[in-house]
Amino acid sequence: MQPDEIMSNRVEEARARDLSRELRCMVCQNQSIDDSEAPLARDLRLLVRERIAAGDSDSQVLDFLVARYGQFVLLKPKFEPQTFLLWLATPFVLVGGGVVLWMHSRRRSKVDGEMAAGPALTAEEKARLRELMTKEIAQETSSASRL
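Residues numbered from 1 in each chain as written. Predicted model: local features only at pLDDT ≥ 70, side-chain atom pairs only at ≥ 80, totals over all residues. Heavy atoms only, no water.

(A) Up close: the environment of Cys25. With respect to the secondary-structure elements, Cys25 resides in the loop between α1 (10–22) and α2 (39–53). On the basis of relative accessible area, Cys25 is assigned to the buried category, the value being 0%. Along the primary structure Cys25 and Ala38 are separated by 13 residues, whereas in three dimensions their C-alpha atoms are 7.8 Å apart. Setting aside residues up to four positions removed in sequence, Cys25 forms contacts with Gln31, Ser32, Ile33, Ser36, Ala38 and Ala41. (Helix = DSSP H or I, 4+ residues; strand = E, 2+ residues; numbered from the N terminus. Buried < 20%, exposed > 50% of the residue type's maximum accessible area, 1.4 Å probe, protein only. Contact = heavy atoms within 4.5 Å.)

Below, the structure is given as structure tokens:
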């Protein structure tokens, strides 16, 4: 902030600083005009001070700037039908992403379970397996009896 921007009345200057912290720099976009060094931010700071000096209330200053620049000028836009998507997009994206991850993990665990179980055996394969296991058990018992 430059010295020529500072108001002589301390109360009005404090109001101007508070309002400047609520307004977005149109150049920087993620900074308030109070923090920005951009020429447009300086112009907006001066405009805020002019409106305060003219006797406008804080809400009148904000309304004037919103009418001139749109809701985008506010760092924290009001919750209105026009800003509905802005406020709710993030929660919807987070919930949607959580649902997608949950569905993916369920599908993956189901596939992993099927892979671990292997394919089902045919009746022929089951009979052959039973025969081999019977022979294996018979061999183990005969070798154990020899000891």
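(B) Layout of the packing of α1 against helix α3 (residues 58–69). Where α1 meets α3, the closest approach of the two axes is 11 Å, and the angle between their N-to-C directions is 40 degrees. When the axis of α1 is compared with that of α3, the two are oblique. Note on packing geometry: the crossing formed by α1 with α3 is right-handed. Residues Arg15, Leu19 and Glu22 of α1 pack against Asp58, Val61 and Leu62 of α3. Among the residues forming the contact of α1 with α3, the class breakdown is three nonpolar, no polar and three charged. (Axes fitted to C-alpha atoms, helices over the stretch in contact; angles between N-to-C directions. Parallel < 35°, antiparallel > 145°, perpendicular 65-115°, else oblique. Left-handed = near helix turned anticlockwise from the far one by under 90°. Nonpolar A, V, L, I, M, F, W, Y, C, P; charged D, E, K, R; others polar.)

(C) Quick peek at the pattern of salt bridges. Applying the stated criterion across every chain, the model contains eight salt bridges. Between Arg21 and Asp18 there is a salt bridge whose closest N-O contact spans 3.0 Å. Here Arg21 pairs with Asp18, and both are found in helix α1, just three residues apart, close to one helical turn. Exposure remark for Arg21: the relative accessible area of 42% places this residue in the partly exposed category. A salt bridge links Arg51 to Asp56, with the shortest nitrogen-to-oxygen separation between them at 2.7 Å. Given the relative accessible area of 13%, Asp56 is considered buried. (Salt bridge = Lys/Arg side-chain N within 4 Å of Asp/Glu carboxyl O.)

None of the figures reported here should be taken as evidence of function without further support.
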